[in-house]
Amino acid sequence: MTSSRPSVLVRGSINIDEFYSVQDIVRPGQTIASRSLKKLLGGKGANQAKAVACAGADVLLDGAVGGDDEGKSVKGKLCDYIEGSEGKIIGDRIVLAEGVSTGKAVIQLADDGENCIIILGGANTHPRPDPTPLIPDNITHLLLANEIPLDSTLSYLKAAHSRSATTIFNPSPMLSAEALRAFPFDQLEWLIVNQGEMSTIYDSLVGKTDSISDSEDSPEKVIENALALYKKLDCKTSILCTLGGQGVIYVRSISTTSSGTDTENVESGHLPAAKLLNPIKDTTGAGDCFMGTFAAGMARLAKNNSERKAEVSKEDFTDVLKTCLVACSMCVEKEGAQDSYHPISAVEERKK
Ligand code: ADP
């Protein structure tokens, strides 16, 4: 049984994604009719928190929604019971921001598959009544993305690091080259990126890549680049790079003890994507699914160990990654982001 005290904290965005189905994307000066409107819960913070909860861990979601009925309903839905999982989202730190709208993504989906999106930060970017990071003692893992003001991300990163929680960050939307160069990577334990994000960071911090393209490099080439980036980050930040249909590569720091002396070492590898049992429907939110499932798996290992930051064996680590890959393959077979996340019982069944 998981305890009701959450082990994972997500500080991030909460959105309502509004999908308008249109024949063609609206042009300047034009008024068009939409055939339908579908509203789904989204925002990287909410997506990641849902993925953590589906993967069986309790998660404290620290974010904000509007103080109106719409915002209250979003908060209620996020904290709903998830059948087939012992995990849940705890909403005590979801602020109801009075006089402000819940964050929105207004998406036009055209018949030819083209889309265009307007983002309203709303409550996500509104100044918080109390901006001081709150990291409860039982939190072992913090998840961050970049859809909230960067100064908030940085203050949570610092606070969690100083409390010995494991920090995990996905820089999406991507930071500017200047912000990347100033980023306190010494406080970051896990950088999780997709292939496009990986090459942008590489270009900004290491130098121009000789990649074929953002998405066509072989896993071996991405590992080579990730190792160079890892060195550039003073061998302190481990890296996971998801490769869509090619799975994931990792570069992680491990410490080995020999004759009583600890030595920091690096381990790297590639795991292919899990087999799909159905055609791909929609890859939206797959990266967030990966992040949340990873944090839940690592938090479970930390909980089973008396030492908060005990070394994770290669076997345990690759098992966590395999669970992430199965959860993601199930996610891309279904439409939507959070709606496509499956409870851990179903993921474990598919993993057998
Ligand atoms: P993002 O959504 O951040 O762009 P990716 O596209 O790399 O991230 O996808 C994240 C994960 O989703 C991958 O590591 C993989 O497990 C799964 N995935 C994505 N696309 C596919 C695909 N075409 N086939 C199988 N799995 C996929």
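Everything below is about the structure shown above.
Parameters and conventions
Residues numbered from 1 in each chain as written. Predicted model: local features only at pLDDT ≥ 70, side-chain atom pairs only at ≥ 80, totals over all residues. Heavy atoms only, no water. Helix = DSSP H or I, 4+ residues; strand = E, 2+ residues; numbered from the N terminus. Rg over C-alpha atoms; globule rule 2.2 N^0.38 Å. Contact = heavy atoms within 4.5 Å. Buried < 20%, exposed > 50% of the residue type's maximum accessible area, 1.4 Å probe, protein only. Pairing = 2+ DSSP bridges. Salt bridge = Lys/Arg side-chain N within 4 Å of Asp/Glu carboxyl O. Near = heavy atom within 4 Å. Polar contact = N/O pair within 3.5 Å; in protein donor to acceptor, adjacent residues only side chain to side chain. Areas by Shrake-Rupley, 256 points an atom, 1.4 Å probe, with all protein chains shown as cover. Nonpolar A, V, L, I, M, F, W, Y, C, P; charged D, E, K, R; others polar. Axes fitted to C-alpha atoms, helices over the stretch in contact; angles between N-to-C directions. Parallel < 35°, antiparallel > 145°, perpendicular 65-115°, else oblique. Left-handed = near helix turned anticlockwise from the far one by under 90°.

*Asks:* A description of the overall build of the protein should follow, citing residues and the corresponding values.
*Replies:* Each helix and strand counted, the protein has nine helices and 14 strands in total. Since a compact globule built from 352 residues should have a radius of gyration of about 20 Å, the 20 Å found for the protein is in line with a globular shape. Considered along the principal axes of its C-alpha atoms, the protein spans approximately 75 × 45 × 45 Å. In the protein, of all internal contacts separated by at least 6 residues, the share reaching a separation of at least 24 is 70%.

*Asks:* Account for the pairing of strand β9 (residues 141-144), with residues named and values stated.
*Replies:* The alternating pattern of β9 places His141 and Leu143 on one face and Leu142 and Leu144 on the opposite face, and all of these are buried. Direction of pairing for strand β1 (residues 8-11) relative to β9: parallel, over a ladder of four bridges. By the bridge assignment for β9, valine 10 is matched with leucine 143. In this structure, β9 lies alongside strand β10 (residues 166-169), joined through four bridges in parallel fashion.

*Asks:* Which residues make up the pattern of salt bridges, and what values do they have?
*Replies:* Applying the stated criterion to the full structure yields 15 salt bridges. The salt bridge partner of arginine 163 is aspartate 137, with a shortest N-O separation of 2.3 Å. Residue arginine 163 is located in the loop between α3 (150-162) and β10, and its partner aspartate 137 is located in the loop between β8 (115-120) and β9; the two are separated by 26 residues in the primary sequence. Residue arginine 163 is classed as partly exposed on the basis of its relative accessible area of 41%. By relative accessible area, aspartate 137 is classed as exposed at 56%. For the salt bridge of lysine 352 with glutamate 349, the shortest nitrogen-to-oxygen distance reads 3.0 Å. Using a relative accessible area of 77% as the deciding quantity, one classes lysine 352 as exposed. Salt bridges sharing common partners tie together Asp62, Arg93 and Arg128.

*Asks:* An account of the site of the ligand is needed here, citing residue identities and associated values.
*Replies:* Among the 14 residues in the neighbourhood of the ligand, the closest are listed as Asn194, Thr242, Gly244, Gly247 and Ile280. In this structure, an oxygen atom belonging to the ligand sits 2.8 Å away from a main-chain N or O atom of glycine 244. Between the ligand and the protein, one listed contact pairs an oxygen atom with a backbone N or O atom of glycine 247 at 3.0 Å. Coverage of the ligand by the protein chains reaches 80% of its 550 Å² of free accessible surface. Put simply, the parts of the chain that give the shell around the ligand at least two residues each are α7 (286-303) and α8 (314-332). Top contributing element to the shell around the ligand by residue count: α8, with three residues. Residue classes in the shell around the ligand are distributed as eight nonpolar, six polar and no charged.

*Asks:* Quick one: what's the story with the packing of α7 against α8, residue by residue and with numbers?
*Replies:* For the pair α7 and α8, interaxial distance at closest approach is 9 Å and the crossing angle is 150°. Judged by the inter-axis angle, α7 sits roughly antiparallel to α8. Our pair here, α7 against α8, has a crossing hand that is right-handed. The residues of α8 that touch α7, namely those facing Ala286, Cys289, Phe290, Thr293, Phe294, Gly297, Met298 and Leu301, are Asp316, Phe317, Val320, Leu321, Thr323, Cys324, Leu325, Ala327, Cys328, Cys331 and Val332. Residue composition of the contact of α7 with α8, by class: 15 nonpolar, three polar and one charged.

*Asks:* A description of the environment of serine 172 should follow, citing residues and the corresponding values.
*Replies:* Inspection of the secondary structure assignment puts serine 172 in the loop between β10 and α4 (177-182). Taking C-alpha positions, serine 172 is 7.1 Å from glutamate 147, a pair spaced 25 residues apart along the chain. Dropping the residues within four chain positions of it, serine 172 is found in contact with Lys44, Ala145, Asn146, Glu147 and Glu197.

*Asks:* Requested: an account of the packing of helix α1 (residues 44-54) against α7, with residues and values cited.
*Replies:* The interhelical angle for the contact between α1 and α7, taken along N-to-C directions, is 45°, at an axis separation of 7 Å. Between α1 and α7, the interaxial angle falls into the category oblique. Handedness of the α1/α7 crossing: right-handed. Touching Lys44, Asn47, Gln48, Ala51 and Val52 of α1 are Asp288, Cys289, Met291, Gly292, Thr293, Ala295 and Ala296, all from α7. The class makeup of the residues in the contact of α1 with α7 is six nonpolar, four polar and two charged.

*Asks:* Please give an account of the sheet that holds strand β3 (residues 36-42) that cites residues and values.
*Replies:* Taken in spatial order, the four strands line up as β3-β2-β7-β8 in an open sheet, and their pairing is mixed. Where the open sheet ends on each side, the last strands, each with one partner, are β3 and β8. Within the sheet, the average angular offset between the axes of one strand and its neighbour, ignoring direction, is 20°. As defined by bridge partners, strand β2 (residues 15-22) adjoins β3 across seven bridges and the pair is classed as antiparallel. In the sheet register, serine 21 faces β3, and the bridge partner there is serine 36. Contacts between helix α2 (residues 69-78) and the sheet are confined to β2, β3 and β7 (103-110), with β3 contributing the most and set at about 60° to the helix.

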